[in-house]
Each structure stands twice: as structure tokens, then as C-alpha cells.
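Observations on chain architecture
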Amino acid sequence: MKKTFWEIQREKKRAITLLFLFFFPFFTFSLAVLFEILRFSSVSLFFKDAKFSEFLIVSSVISLIVFFISVKGSSEGKIYRYLEMLNAQVPDLKDMKHQQVANVVREMAIAAAVPKPRVYVIPVLGKNAFSAFNIIAITEGAVSALDRDELQAVVAHEMAHYLRGDSYYKGVLSSFAMTITFFLTISLFFAGGDENSERRGFGGGFIGIAVVAYIFLVELFTKFLNALISRRMEDLADAMAVQFTRNPLSLASALFKVSRDRVRGISLLTNPAVAPLFIVNPARKQIDESSGVFGDIFATHPPINKRINTLLKLAGVSRKELVERTSPVRNNREWWVEKQDENLGPFTLEELLEKTWIGEGVKIRGKEGEVKLSQILSKFRPIEGQCPRCGGPLFNTYYDFVPIIKCGRCGGILVREDRIMRILARGENQITEAEEKVSESSLEKERKTFYIHGASPEAVDASQPLKCPFCGGEMWRKFFNFINYVPVDYCPKCKYYFFDSGEIEMIIAGVKRTKYLYR
Amino acid sequence: MIGVLIIFAILAIVVIWYIATYNRFVRLRQRVKNAWAQIDVQLKRRHDLIPNLVETVKGYAAHERETLTAVTEARAKAASAPSPQEAIKAEGELTEALRRLLLVVENYPNLKADQHFLQLMEDLRTTENSIAFARQAYNDQSMVFNSQIKKIPDSIVASQMRLKEYPFWEIEEAAAEEREAPEVKF
């Protein structure tokens, strides 16, 4: 059944309200329980005669105070300092693109029927945007990568946060989490402390363990609730952005473009205090983490592909069309990898198989739609046996027309001994100047290492030999030759060399250099 | 004693609810009015923009006099329309004239490369968008308002405040086309 954005909005609003209603008693109650634990600990001098109900009253008062302080003083100054640190600037109205940003913000303020917020452009290449209090900031990378409609959609999303005052609520939530951690840390400090007092028959050790366990549980749960609310807020903002622009497709393609950001995670935006405010989480998580259950539970943003799919459903457009719209196929680059938070590609088939992190878990999408990794591998006539280095799947392919066997995971290659000279001869033309530089520098590193230890055959660490994928015997570890000192693996029985990813390039670079030397 | 306390508590809740609902209605009504006012502001903005645009186009395409005068006349008509109904109609004609002008502009690559002209195009586009968004916001806001004043128990407060439904902005034939901003290709 197709939902309208009004229905999505209503649903999310209700969920957020319910979660907030739950958060208050939870916070109050966990503080009260904490005091109860403290009563049995060595600080009991203060709390000795108190009742649980009194604790409940005390903690609700504390909760309210924390709430008001965090609403009133909700670190607006901090955001300005953060913007200053990033050297954020108001849009330069002489620059057409910047003017577009300013215009779009004005339009969206009209669509949302709110006063115009302040706009900043952050001179950072990462593609992202955030809103906090009455500020909307967008990065230079996003400004340049998105077209006008997409920019509008992103600003509309931020406008929704601004209209709902989400940053205030997020501030409240995080200050609650901080308060709990603060009290819990203090209690831990006391609880373990005084070993001489033997009150009520509890030893210090028991209290210590109880408090640690309690800290762990409460913190975990607070984080969980925080993330739950934060994710609903993002979904709601998406739905409201659609209300403002009436154009779900442009938000979908904006998110799609942002999720392909190559400089994500290494930009300056990953400050954990502000990360939840961005339209997509600026921190790039480890690939394996983000796909797991834990990634799901504690993520402050819903999986970006889920968001995109929701929007596409609203627009009545298929994913294939979206990809075609945003990035036409060039040079056989037609393969996409979909993960929760990222859309990678387009790759050629070879590039795809080189990616070390591609396993059965990620979604791969080609021209004809979704494909399984095993289906792709079967196209390449996969070989019995596993990569000696990483155990990944092996398949037949070519290195500049020379038949080789390649690992689909780590990119290591197996070459028959009699074919190596061909690779060295042809590879010379294959390698680009930039690749050569990289290879040479790593070659130099290896050379230095082995030069220090003396370049004898014993200098190679042969303590953990690899297993030959064909005969199962142990491979020799040796230098490829004694000019370049690149350690490689060799099966004397099957006459196959194994090169780790990049090693063959190092050897080629070495050969090239030697040629220069002796010219 | 407890009975009295309970009654007081209930009374307090009712009063707080009444005040909160009253204030919410005031806020909602303000937003509808503001959205309505924005439409006028944006239309005015468009009128201010046109002489500039016409001047720039004239510099490159002086012999397209017919199209240019059509725009200028439509603007004058829209600016001096006596009644809202006529204003809506005149605005529709203005949009039509502007669209024709933009089609003409396609034939002048020099003009399209003019920085000043691009600037004007962006201005025009944002104004056109703003008009459409202002209308949309007005309709959205009045929809929220209209459904809110009918809901029980809020309707009690609404009837006390004598709130009435706001009419939706009906889109006429000309205005319906106007919703789509003229396609500006750079």
C-alpha cells in the first residue's frame, strides 16, 4: 500500500511523541534506582534514612532542572564556535551558486511558512548539510555537486528540522545521556571506595559490580532510545521535505549523490557532538559494522538506502531510473554496490571484484538489476580452491591479455611461472605514472627494510607459509629477485607465483627503474 | 481532602489544555495569514524584476519588440488590477508572456551567456518558485488549520474563538499553468 507523505508524517510524529513520553520516566526512574544503589554503598551516610519514593521525587526534580537548563542553554554558542572553526561563511551573493543557495533557503522558508533562518556555507569538500537552532549550513561540496532542485530538497529537509526544533530536542536528549553518565561515574567512584565500612552486609565488590553493570545497561539503553528518536526525526524531516518541495525524486537523488561522497569520513565534519545533526551521518563507519545488527540499533540516521527507497516509492520511480538519471553509464562502469549508508560505484566488473570488502552480504546491482556475487563470479569461470592469502574466491581473468588467476576479495593474483615475463614486458605500458610513483615508494620502503637486515634469502619471513590452492602443499616465501627485494610466494610443484595486490606493480616499477639504471 | 485535590488537578489540566489549544490556534491562524501575505509579496517582487529583464533582453534582441511589449503590458495590467479575480487572471497572462520571452531568448546564445542575464534568470526563477511555494504553503497551512478546528475536543475552543475555515486557493486554468515555473535552461 502506498503511503502519502502526510501519513508518513503523522506516523513519525506519533512515534516521536511516544518515545519522548517514555524517556522522561525512564530517566527519572534510572536516577532513582541509582540512588537506591548508592544507599547501600559507602556514601550511605547521606542517604541512610531516605525512602525510595523520596529518591523518586529528588530525581524527577533533577530531571526537570536538567531539561530546562538544556533547553535554555542549548549550546547555540557551541554551534557558532563550530562554524567558526570550520570557517563557515554566509553565502557570497556575487557567486551564482551561492546565490542559488540563499534563494533556495528563502523559497523553502516560504514553503514551510517559517521565518528565514541563517544560512552558512562550509568550505569543506564533503557533501553534507546540517541545521541547528536557527542555522542551516551546507557544505561547499554539496553546493557544487547538487543541482538546484536537489539543493532545494536538502534545504527543505533541514528546514523541517528547523521548523520542528529538532536540534533542541536532540540537545535535551544528549544532555540527559550526559547527566546519567555523570551520576553513574560518580557513583562508581564512591561505590568501590571505602572498604572498611561494612554496611548492611554488602561488600564493596558486590556494589562495584552492580554499579558497573547498571552503568552499562543504562548507558546502552539511553543510547538506544536516543538513536531511536533521532532516526524517526530524520524520517519525519524527509517526509516534511517532500511536503515543502512536492518533489520526492529530487530528495532521493540528492541523498543518492551524497551517499556516493568519496571524501566522507575524512572531512572535518565528523565531530561526534554535531554528527547527528547532519542530513547523512558524516562519519563513515567501518563497512562491516554498519551492516550488522548493532549498527542498526545505535545508528542516529536510518539506512540511507531505506530512505531513498521510501522517497522513490512516493515519486513512483524505480531505482534503476534514479541511477540512470544521476549517472549515465560510461566505459562499462555499470555495477553498483548498495550498502546501508553508501552507494558505491559505478565500477567496471574488474574493479568490482577487486573490492576486498565485497561479500555475500552487500547488494550488487548491475544493468539487469540485483545480482548475487556468486552469479558474477560464475561468469568468470571460478576455480576450485581458495586464495592462499585470504581464502577468497578465485577466478580466471587477464592481465593485459596474459591469463592469470585473481582473487575476488583481496586482489592477489596467481601467475604461472612461464607467463611472468610477459606480464613484466606488457605491464610496463599498462602502469600509469601515478601508480608507478606509489609502487616505487613502497618498493623503496621494502628495499630499505631488507637492506638493513641484509638482503639474504633468510631475511624473508617464511615462518607462516601460504598453502598452494592447487596442490595444497606449502608455498615458498622468497624474493622475486635480488634487485628489488619484493617478497613473493611460489609453489615449486605447480610452478605458480602468488603476488599480493600491488606487488606485481612494484616489480614492474622496479624493472623499469633498473632499465633506466643500466641504459 | 483527596477528592478536592483530584478535582483541582482535573480543573488545572482543563485550564492548561484550554490555554494551550487557544495559543495553538492563534499560532496556526497567524501562519495561514502569513502564508497568504507571502503570495502578495512574491507577486510584487516579480513585477519589480520585469523592467530589468526587459532592458537586458532589449540589449541583445531589440527587434523582438512584440514579445517585449507583451511582457511589459501584462505586467502593467497585473500591477493595476482592481479586484483579486482580475489580478489572478492578469498574473496568469504575465506568466504566459514571460514564457514566450524565454522561448525567444533561446535563439540568442550571446544573451544566454550574459552573466547579468543569468543573474536575472535566477532571480526570476526563485520568484516564480516562491509564488508557487507561497500558494502551496497557504493551502497546506489552511488544510492543517481547517482540520484542526473540526477535531474534538479542540473544536470547542475553536467555536468559542469563532474560527472559520479558510478557503483553499482555487487554481484556475491560467493559474494552473502558472504553477509550473517556466523552464529555464542555462
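Here the structure is a predicted model, which means the values were calculated and not measured.

Looking now at the overall build of chain A. When helices and strands are tallied, chain A shows 19 helices and 14 strands. In chain A, buried positions account for 52% of the 519 residues. Looking at chain A alone, contacts between residues at least 24 apart form 64% of all its contacts between residues at least 6 apart. If you sum the accessible surface of chain A, you get close to 25700 Å²; carbon and sulfur atoms cover 58% of it.

Residue and element names in this part refer to chain A. Taken over all residues, the pLDDT of chain A has a mean of 75, while the share at 70 or more is 74%. Within the model, the stretch residues 192–203 combines pLDDT values under 50 with ten contacts to residues more than four positions away or in other chains. Here residues 286–291 is modelled with pLDDT under 50, and outside its nearest four sequence neighbours on either side it reaches nine contacts, counting other chains as well.

Moving on to the pairing of strand β13 (residues 487–491) of chain A. Residue and element names in this part refer to chain A. Within β13, five of the five residues are buried, which leaves it mostly tucked inside the rest of the structure. The alternating pattern of β13 places Pro487, Asp489 and Cys491 on one face and Val488 and Tyr490 on the opposite face, and all of these are buried. Bridging between β13 and strand β14 (residues 496–499) involves three bridges; their strand directions are antiparallel. By the bridge assignment, Asp489 is partnered in β14 with Phe498. Hairpin geometry of β13 and β14 is characterised by an intervening segment of four residues between the two adjacent antiparallel strands and by a positive phi of about 60 degrees at Lys495.

Turning our attention to the side chain of Glu107 of chain A. Position of Glu107 of chain A relative to the elements: it lies in helix α5 (residues 96–112). Taking the relative accessible area as the measure of exposure, Glu107 of chain A reaches 0% and is therefore buried. A polar atom in the side chain of Glu107 of chain A sits 2.4 Å from the side chain of Gln152 of chain A. Looking at Glu107 of chain A, its side chain comes within polar contact range of the side chain of Asn129 of chain B, at 3.1 Å.

What follows concerns the interface of chain B and chain A. It is common to give the size of an interface as the accessible area lost on bringing the parts into contact. Tallying the contact residues gives 20 residues for chain B and 21 residues for chain A. When chain B packs against chain A, close to 1800 Å² is buried across both sides, 46% of that on carbon and sulfur atoms. Put simply, chain B and chain A have three salt bridges between them. Our enumeration of links across chain B and chain A arrives at twelve residue pairs in polar contact (both at pLDDT 80 or more).

What follows covers the nonpolar core. Ranked by internal contacts, the top residues of the largest apolar core, which has 92 residues, are Met108, Ile138, Met159, Phe244 and Leu255 of chain A together with Phe25 of chain B. Here this core takes 13 residues from helix α9 (residues 204–245) of chain A, the largest share from any one element. Residues lining this core come from more than one domain, with at least three contributed by each of domain 1 (5–77 + 165–325) and domain 2 (89–163) of chain A. If sequence neighbours within four positions are ignored, Met159 of chain A has contacts with Val105, Met108, Ala109, Ala112, Val114, Pro117, Ile136 and Phe244 of chain A. Membership of the second largest hydrophobic core comes to 22 residues, among which are Leu53, Val54, Ala74 and Tyr108 of chain B.

Our focus in this paragraph is α5 of chain A. For α5 of chain A, built from 17 residues, the straight-helix expectation of 24 Å at 1.5 Å per residue is met to within 8% by its first-to-last C-alpha distance of 24 Å. Positive backbone phi, at 55 degrees, marks Ala113 of chain A, one or two positions downstream of α5 of chain A.

A separate point is unusual backbone geometry. Backbone torsion omega between Ile152 of chain B and Pro153 of chain B reads 5 degrees, so that peptide bond is classified as cis. Tracing the sequence through the fold places Pro153 of chain B in the loop between α5 (115–148) and α6 (154–160). Even without glycine at this site, Lys495 of chain A takes up a positive phi of about 60 degrees. Within the fold, Lys495 of chain A resides in the loop between β13 and β14. With a relative accessible area of 43%, Lys495 of chain A lands in the partly exposed category.

Let's shift gears to the state of the cysteines. Here the structure, examined in full by the defined rule, presents zero disulfides over all chains. The structure places no disulfide on Cys471 of chain A, whose sulfur is separated from the nearest cysteine sulfur, that of Cys494 of chain A, by 3.5 Å.

Let's shift gears to the packing of helix α10 (residues 248–258) of chain A against helix α13 (residues 304–315) of chain A. All names here are of chain A. The N-to-C vectors of α10 and α13 enclose an angle of 155 degrees; their axes lie 8 Å apart at closest approach. One element, α10, and the other, α13, form an angle in the roughly antiparallel class. At the point where α10 passes α13, the crossing takes the left-handed sense. Residue-level inspection shows Pro248, Leu249, Leu251, Ala252, Leu255 and Phe256 of α10 in contact with α13, the latter providing Ile304, Arg307, Ile308, Leu311, Leu312, Leu314 and Ala315.

A word on the packing of α5 of chain A against α5 of chain B. Following both chains from N to C, one finds α5 of chain A and α5 of chain B inclined at 15 degrees, their axes separated by 7 Å at the closest point. Classed by the angle they form, the pair α5 of chain A and α5 of chain B counts as roughly parallel. The interaxial crossing formed by α5 of chain A with α5 of chain B has right-handed handedness. The residue makeup of the contact of α5 of chain A with α5 of chain B, split by class, is nine nonpolar, nine polar and five charged.

This brings us to α13 of chain A. All names here are of chain A. With twelve residues, α13 extends 16 Å from end C-alpha to end C-alpha; this agrees with the ideal 16 Å at 1.5 Å per step. Turning to α13, its buried residues number three or more, namely Ile304, Asn305, Arg307, Ile308, Leu311, Leu312 and Leu314. Among the residues trailing α13, Gly316 stands out with phi positive, at a value near 70 degrees.

So, on to the packing of aromatic side chains. Two descriptors summarise a pair of aromatic rings, namely the distance from one centre to the other and the angle between the planes of the rings. A complete count under the given rule lists eleven aromatic pairs over all chains for this structure. Ring geometry for Phe470 of chain A versus Tyr496 of chain A: centroids 4.8 Å apart, planes at 45 degrees, classification tilted. Of this pair, Phe470 of chain A sits in the loop between α18 (433–453) and β12 (476–479) while Tyr496 of chain A is found in strand β14, placing the two residues 26 residues apart along the sequence. Considering the side-chain rings of Phe25 of chain B and Phe145 of chain B, the 6.5 Å spacing of their centres and the 75 degrees angle between planes classify their relative orientation as edge-to-face. In this pair, Phe25 of chain B is assigned in helix α1 (residues 2–60) and Phe145 of chain B in helix α5, connecting sequence segments 120 residues apart. An identical accessibility class is assigned to Phe25 of chain B and Phe145 of chain B; each is buried. Cluster of aromatic residues (ring-pair linked, three or more members): Trp476, Tyr490, Tyr497 and Phe499 of chain A.

The rules behind each value
- Residues numbered from 1 in each chain as written.
- Chains lettered and ligands numbered in written order.
- Predicted model: local features only at pLDDT ≥ 70, side-chain atom pairs only at ≥ 80, totals over all residues.
- Heavy atoms only, no water.
- Helix = DSSP H or I, 4+ residues; strand = E, 2+ residues; numbered from the N terminus.
- Buried < 20%, exposed > 50% of the residue type's maximum accessible area, 1.4 Å probe, protein only.
- Contact = heavy atoms within 4.5 Å.
- Areas by Shrake-Rupley, 256 points an atom, 1.4 Å probe, with all protein chains shown as cover.
- pLDDT = per-residue confidence, 0-100.
- Pairing = 2+ DSSP bridges.
- Polar contact = N/O pair within 3.5 Å; in protein donor to acceptor, adjacent residues only side chain to side chain.
- Buried area = accessible area lost by both parts, 1.4 Å probe.
- Salt bridge = Lys/Arg side-chain N within 4 Å of Asp/Glu carboxyl O.
- Core = buried A, V, L, I, M, F, W, Y, C linked by side-chain atoms within 4.5 Å.
- Domains from an automatic or database assignment.
- Expected span 1.5 Å × (residues − 1).
- Disulfide = S-S within 2.5 Å.
- Axes fitted to C-alpha atoms, helices over the stretch in contact; angles between N-to-C directions.
- Parallel < 35°, antiparallel > 145°, perpendicular 65-115°, else oblique.
- Left-handed = near helix turned anticlockwise from the far one by under 90°.
- Nonpolar A, V, L, I, M, F, W, Y, C, P; charged D, E, K, R; others polar.
- Phe/Tyr/Trp six-rings, centres within 6.5 Å; stacked < 30°, edge-to-face > 60°.

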